Amino acid sequence: MQIFKPSRKPNVSFNMTPMIDVVFLLIIFFLVSSSLVQQESLITLDLPTAKTSRMPQASESGTRKITINITGEDHLFLGLTPVDRDQLRQYLIAEQSRNGKPLEVRIRTDRRVPYRAIEPILVICSQTGIDNVSFHTYQRSIP
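Presented here is a report on the structure given in the accompanying data block. (Residues numbered from 1 in each chain as written. Predicted model: local features only at pLDDT ≥ 70, side-chain atom pairs only at ≥ 80, totals over all residues. Heavy atoms only, no water.)

The next point concerns the overall build of the protein. Secondary structure assignment for the protein yields 3 helices and 7 strands. Along its sequence from the N terminus, the protein presents helices and strands in the succession α-β-β-β-β-α-β-α-β-β. Put simply, of all contacts in the protein between residues at least 6 apart along the chain, 78% involve residues at least 24 apart. (Helix = DSSP H or I, 4+ residues; strand = E, 2+ residues; numbered from the N terminus. Contact = heavy atoms within 4.5 Å.)

This part takes up a nonpolar patch on the surface. On the surface, a cluster of nonpolar side chains totalling about 1100 Å² of accessible area is made up of Phe-14, Met-16, Met-19, Ile-20, Val-23, Phe-24, Leu-25, Ile-27, Ile-28, Leu-31 and Val-32. With respect to the helices and strands, the residue Phe-24 is situated in helix α1 (residues 17-40). (Patch = residues over 30% accessible without salt bridge, like charges linked within 9 Å, V, L, I, M, F, W, Y side chains within 5 Å. Areas by Shrake-Rupley, 256 points an atom, 1.4 Å probe, with all protein chains shown as cover. Salt bridge = Lys/Arg side-chain N within 4 Å of Asp/Glu carboxyl O.)

Moving on: the sheet that holds strand β3 (residues 76-78). Pairing is mixed in the open sheet, where 5 strands are placed in the order β4-β3-β2-β5-β6. Looking at strand neighbours, the two that pair on one side only are β4 (81-83) and β6 (132-135), the edges of this open sheet. Sheet twist, expressed as the mean angle between neighbouring strand axes with direction ignored, is 30 degrees. Two elements, strand β2 (residues 64-70) and β3, share 3 bridges in a ladder whose sense is antiparallel. Across the sheet, the residue bridging to Ile-70 is Leu-76, located in β3. Contacting β2, β3, β4 and β5 (103-109), helix α2 (residues 85-97) runs over the sheet at an angle of about 175 degrees to β2. (Pairing = 2+ DSSP bridges. Axes fitted to C-alpha atoms, helices over the stretch in contact; angles between N-to-C directions.)

For the rest of this paragraph, the subject is α2. Helix length check: α2 (13 residues) gives 18 Å between terminal C-alpha atoms against 18 Å at 1.5 Å per residue, within 8%. Along α2, the positions that sit buried rather than exposed are Leu-88, Leu-92 and Glu-95. For α2, the arc enclosing every buried residue in end-on projection is 65 degrees, short of the 170-degree limit, so these residues lie on one face. Facing away from the buried side of α2 by over 90 degrees, the exposed positions are Asp-86, Gln-90 and Ser-97. (Expected span 1.5 Å × (residues − 1). Buried < 20%, exposed > 50% of the residue type's maximum accessible area, 1.4 Å probe, protein only. Arc of directions from axis to C-beta.)

Here we take up the pattern of salt bridges. Throughout the structure, instances matching the rule amount to 3 salt bridges. The partner of Glu-104 in a salt bridge is Arg-106, with the nearest N and O atoms 3.1 Å apart. Here Glu-104 falls in the buried class, since its relative accessible area comes to 6%. For Arg-106, a relative accessible area of 13% gives the class buried. For Asp-110, the salt bridge is made with Arg-112, and the minimal N-O distance between the two is 3.4 Å. The exposure class of Asp-110 is buried, given its relative accessible area of 7%.

Here it is as structure tokens:
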């Protein structure tokens, strides 16, 4: 009795192209998103302290975040772009109406900035329908 032996081995291989494409897209995504996150904190501010300070919780996926920086000289910045109050109002109105998704405003301010400089920003947020406003602070060390 003769045993049949295949003359060729089956050619089995993986197509690596889709996996390389996905990895490349992930690398690009993380590079772009990390540079955007770093831009909002490039302005050096002496943040206030609070004993109830906590890390922000992961918000809902549809929430867009905008960071407003207020320096000790009462200058407003959207990320690194200097703006005045009217420009800020127009920007928030445009962002609020765009896509209809909720908007979260994060305020980074120097601890020496008086409340009279922060109040108009809160009023602008309220007038444009933004009710999710938070302040960046340092947590006070407990002795």
